[in-house]
Amino acid sequence: MMATGTADSQARFGQSVKGLLTEKVTTCGTDVIALTKQVLKGSRSSELLGQAARNMVLQEDAILHSEDSLRKMAIITTHLQYQQEAIQKNVEQSSDLQDQLNHLLK
């Protein structure tokens, strides 16, 4: 009987160890999955940060280009103002000349 009791005891111990090992393997698998998800999330975050940095560089280039365009437009505006003043003076002089011509022809 003693041998049967020992065999039963060993069988229960074996089942207990199998249960514990199964539980540990399951927990380990769950932890590996969680770790994998975190690594992927970190990788995605790094990818998003890289994309944000590239977008900022593009925006900075666009801003610098816009500033350059605004400076050029300011210069053009100044030149157009000078031309407009010159045309206005010519119109006034033309009007004066027309009056003088009319006065001479009378």
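Further up the page is the structure itself.
Everything in this summary refers to the structure shown in the same document.

Parameters at a glance
- Residues numbered from 1 in each chain as written.
- Predicted model: local features only at pLDDT ≥ 70, side-chain atom pairs only at ≥ 80, totals over all residues.
- Heavy atoms only, no water.
- Helix = DSSP H or I, 4+ residues; strand = E, 2+ residues; numbered from the N terminus.
- Rg over C-alpha atoms; globule rule 2.2 N^0.38 Å.
- Buried < 20%, exposed > 50% of the residue type's maximum accessible area, 1.4 Å probe, protein only.
- Areas by Shrake-Rupley, 256 points an atom, 1.4 Å probe, with all protein chains shown as cover.
- Patch = residues over 30% accessible without salt bridge, like charges linked within 9 Å, V, L, I, M, F, W, Y side chains within 5 Å.
- Salt bridge = Lys/Arg side-chain N within 4 Å of Asp/Glu carboxyl O.

A word on the overall build of the chain. Scanning the chain from N- to C-terminus turns up 1 helix and 0 strands. Its C-alpha atoms give the chain a radius of gyration of 45 Å, clearly above 13 Å, the size a compact globule of 106 residues would have. In terms of principal-axis extent, the alpha carbons of the chain reach across some 155 × 20 × 10 Å. Looking at the chain residue by residue over its 106 residues, the buried ones come to 0%. When the accessible surface of the chain is split by element, carbon and sulfur atoms take 63% of a total near 9800 Å².

Another point: a nonpolar patch on the surface. A contiguous nonpolar patch, built from Phe13, Val17 and Leu21 and spanning about 300 Å² of accessible area, is present on the exposed surface. Take Val17: it is sitting in helix H1 (residues 2-105). Given a relative accessible area of 31%, Val17 falls into the partly exposed group.

This paragraph deals with the environment of Ala34. Of note, Ala34 is situated in helix H1. For Ala34, a relative accessible area of 40% corresponds to the partly exposed category. Along the sequence, Ala34 and Glu67 sit 33 residues apart, while their C-alpha atoms lie 49 Å from each other.

Here the focus is the environment of Gln88. Mapped onto the elements of the fold, Gln88 is located in helix H1. Sequence separation between Gln88 and Gln15 is 73 residues, and the spatial gap between their C-alpha atoms is 107 Å.

On to the environment of Val32, then. Position of Val32 relative to the elements: it lies in helix H1. The spatial distance from the C-alpha of Val32 to the C-alpha of Glu85 is 79 Å, given a sequence separation of 53 residues.

Our focus in this paragraph is the pattern of salt bridges. If charged atoms from side chains of opposite charge come close, those side chains can pair. What the rule picks out here adds up to 2 salt bridges. Between Glu47 and Arg44 there is a salt bridge, with its nearest N and O atoms 2.8 Å apart. Taken together, the positions of Glu47 and Arg44, both in helix H1 and 3 residues apart, correspond to about one turn of that helix. The exposure class assigned to Arg44 is partly exposed, which follows from its relative accessible area of 44%. With a shortest N-O distance of 3.4 Å, Asp68 and Lys72 are connected by a salt bridge. Here Lys72 and Asp68 lie together in helix H1, a separation of 4 residues that amounts to about one turn.

These figures come from the coordinates and say nothing about function on their own.
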